[in-house]
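Report on the structure
As a plain string of letters, each chain reads:
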Amino acid sequence: MNVEFEEFSSVEDLFQYMAAISPPMKNYLPINSYKGYICSIIPLSQSSETYLMVYTKGSLEDGI
């Protein structure tokens, strides 16, 4: 499994990037919050085991 990383400076930048790269007709991408970081692991293709992990320092409000 290959993992590539991309760090962002703010939560807004992370969400804008995820909105731009999300595949057409995909309604959601999983977002995780852990120890002061927000991250998402996105498969880059269906046929390979390459993933992109995008993350930033921050927290999510309860209920989001």
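The shown structure was predicted, so the numbers you read here are calculated from the model rather than taken from an experiment.

The rules behind the values
Residues numbered from 1 in each chain as written. Predicted model: local features only at pLDDT ≥ 70, side-chain atom pairs only at ≥ 80, totals over all residues. Heavy atoms only, no water. Helix = DSSP H or I, 4+ residues; strand = E, 2+ residues; numbered from the N terminus. Buried < 20%, exposed > 50% of the residue type's maximum accessible area, 1.4 Å probe, protein only. Contact = heavy atoms within 4.5 Å. Areas by Shrake-Rupley, 256 points an atom, 1.4 Å probe, with all protein chains shown as cover. Phe/Tyr/Trp six-rings, centres within 6.5 Å; stacked < 30°, edge-to-face > 60°. Core = buried A, V, L, I, M, F, W, Y, C linked by side-chain atoms within 4.5 Å.

1. Section: the overall build of the chain
Along the chain, the regular secondary structure elements total one helix and four strands. Reading the chain from its N end, one meets helices and strands in the order β-α-β-β-β. Over its C-alpha atoms, taken along the principal directions, the chain stretches across nearly 35 × 25 × 20 Å. A buried classification covers 20% of the 64 residues belonging to the chain. The long-range fraction of contacts in the chain, counting pairs at least 24 apart against all pairs at least 6 apart in sequence, stands at 47%. For the chain, the accessible surface area stands at approximately 5100 Å², while carbon and sulfur atoms represent 52% of it.

2. Examining the packing of aromatic side chains
Scanning all chains against the criterion turns up two aromatic pairs. Both rings, one in Phe8 and one in Tyr17, keep their centres 5.0 Å apart while their planes meet at 45°; by these two values the pair is tilted. Judged by relative accessible area, which is 15%, Phe8 ranks as buried. Taking relative accessible area as the criterion, Tyr17 reaches 27% and is therefore assigned partly exposed.

3. Some details on the nonpolar core
Membership of the largest hydrophobic core is limited to nine residues, which are Phe8, Val11, Leu14, Met18, Leu29, Ile38, Ile42, Leu52 and Val54. At the level of secondary structure, the elements contributing two or more residues to this core comprise helix H1 (11-21), strand S3 (37-43) and strand S4 (50-57). In this structure, Phe8 is in contact with Asp13, Leu14, Tyr17, Val54, Tyr55 and Thr56, ignoring residues within four places of it in sequence.

In short, the description is geometric, and any link to function would need to be established separately.
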